[in-house]
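Next come the chains, spelled out residue by residue.
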Amino acid sequence: MTRMRLWGLRLFVCLCVSVCCAAGAVRKPLGLYAHVNQSDAVGSYPGKAPSESVLHGYLQNLYAGLLYIRV
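As the structure is a prediction and not an experimental result, all values here were calculated from the model.

**Student:** Sorry if this is basic, but what is going on with the overall build of the protein chain here?
**Tutor:** Of the regular secondary structure elements, the protein chain holds three helices and zero strands. Counting from the amino terminus, the protein chain carries its helices and strands in the arrangement α-α-α. Of all 71 residues assigned to the protein chain, the portion counted as buried reaches 4%. Of the roughly 6,800 Å² of accessible surface on the protein chain, a fraction of 65% belongs to carbon and sulfur atoms.

**Student:** How do you make sense of a nonpolar patch on the surface when you look at a structure like this?
**Tutor:** On the surface, a cluster of nonpolar side chains totalling about 390 Å² of accessible area is made up of L32, Y63, L66 and L67. Secondary-structure assignment places L66 in helix α3 (residues 52-67). For L66, a relative accessible area of 43% translates into the label partly exposed.

**Student:** In this structure, what is going on with the environment of Q38? I would like to understand it.
**Tutor:** With respect to the secondary-structure elements, Q38 resides in helix α2 (residues 38-43). Relative accessible area serves as the criterion here: at 53%, Q38 is assigned to the exposed category. With 21 residues separating them along the chain, Q38 and L59 place their C-alpha atoms 9.1 Å apart.

Definitions and limits used
Residues numbered from 1 in each chain as written. Predicted model: local features only at pLDDT ≥ 70, side-chain atom pairs only at ≥ 80, totals over all residues. Heavy atoms only, no water. Helix = DSSP H or I, 4+ residues; strand = E, 2+ residues; numbered from the N terminus. Buried < 20%, exposed > 50% of the residue type's maximum accessible area, 1.4 Å probe, protein only. Areas by Shrake-Rupley, 256 points an atom, 1.4 Å probe, with all protein chains shown as cover. Patch = residues over 30% accessible without salt bridge, like charges linked within 9 Å, V, L, I, M, F, W, Y side chains within 5 Å. Salt bridge = Lys/Arg side-chain N within 4 Å of Asp/Glu carboxyl O.

Here it is in structure tokens:
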């Protein structure tokens, strides 16, 4: 019985290692990525220092504009 458990454990470890290796090979970034420096984005606000809610809306529009696909 001990020999059977040892064989099962070896099989389990081999399967786990193969699944981990396969999962690592499959995971690749997909899609479109944009990096925006937050201080530059806030500094690009036209006008004087905005309130938090106005700045939030401005940044949402800025990010949406970056991700908008023009056809």
